[in-house]
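Geometric and topological summary
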Amino acid sequence: MLFDLRGKRRRVVQVVYATLAALFLVGFVGFSIGSDAPGGLFDAFGVGGSGDTGASLSSQYDDQIDSANEQLVKDPKDTAALLKLSKYQWYKGKEGISTDPDTGVPSISEDGHTELGNAADAWEKYLEVNKGKPNSAIATQMVQAYYYLGDAQGAAEAQRIVAEDQPNSGAWDDVAYYLYLAGDISEGDQAATKAEAEAPKAQRSQIKQDLDQIRKQALKLKKQQAKAQKDAPPGDNPLQNPFGGAGTAP
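A few words now on helix 4 (residues 110-129). Here helix 4 spans 29 Å end to end across 20 residues, near enough to the 28 Å set by a 1.5 Å rise per residue. Of the positions making up helix 4, those classed as buried are Gly 112, His 113, Leu 116, Gly 117, Asn 118, Ala 119, Ala 120, Asp 121, Ala 122, Trp 123, Tyr 126 and Val 129.

Shown next as structure tokens:
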């Protein structure tokens, strides 16, 4: 796999060479993959409020987080409380996201990264204890959370829930993209096939061409990673975030 998770709160997917990773991001935007999919990449760049309104919202988020945690003290398997915690930790995390006005590259503060990690932790606990169909609305938010955490596999798994609940070509495009970025080529191929099947006949050829190019980039990244790991001195980490800049701000 192209990702390496080091602890539940350190969800940094690591892929060799930031330039190749940036090509993935540019290609994704250029191909308009996921343009009609809820919870896709473009939604991920929404940030929290500012000024008095932002402060008021932040206080409301804290109240909801505290309420959810109180419920979970009573019942750690309370799925409604876990969903609430995921939702409002995500909102809190968004407050730490900013975009460079010159480059357009997003970054996230340490506090924001922690809040998003907490959101993902609550979501994963929810998936463990939930006995029914996962909540696709919260899954949409988690796709974005995993994006900022640099966890391509997590984004793919959350996006799959969205796609299965609301199947369309764009939704499955996103699943394929994240799976390819995570290095899961075979699963990415299956998602790509579903994306083509859901598309109007006139668009299938273009979708296949676009995803084939991303697949080639994924295979190139895997080869680069294998070489970098082989050549790296002991203790060195030559890998970079695959999302091309959506990492933790200094």
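Okay, the pattern of salt bridges next. Tallied over the full model, the rule gives six salt bridges. As a salt-bridge pair, Lys 92 and Asp 62 come within 3.2 Å of each other at their nearest N and O atoms. You can see Lys 92 sitting in helix 3 (residues 79-94) and its partner Asp 62 sitting in helix 2 (residues 51-74), a full 30 residues away along the chain. Looking at Lys 92, the relative accessible area reads 13%, which means it is buried. Residue classification places Asp 62 among the partly exposed residues on the basis of a relative accessible area of 32%. Between Lys 208 and Asp 212 there is a salt bridge, with the nearest N and O atoms lying 3.5 Å from each other. A residue pair is termed a helical-turn pair when its members lie 3 or 4 positions apart in one helix, as Lys 208 and Asp 212 do in helix 9 (residues 201-231) at four residues. With relative accessibility at 39%, the residue Lys 208 sits in the partly exposed group.

Reading the values: rules and limits
Residues numbered from 1 in each chain as written. Predicted model: local features only at pLDDT ≥ 70, side-chain atom pairs only at ≥ 80, totals over all residues. Heavy atoms only, no water. Helix = DSSP H or I, 4+ residues; strand = E, 2+ residues; numbered from the N terminus. Expected span 1.5 Å × (residues − 1). Buried < 20%, exposed > 50% of the residue type's maximum accessible area, 1.4 Å probe, protein only. Salt bridge = Lys/Arg side-chain N within 4 Å of Asp/Glu carboxyl O.

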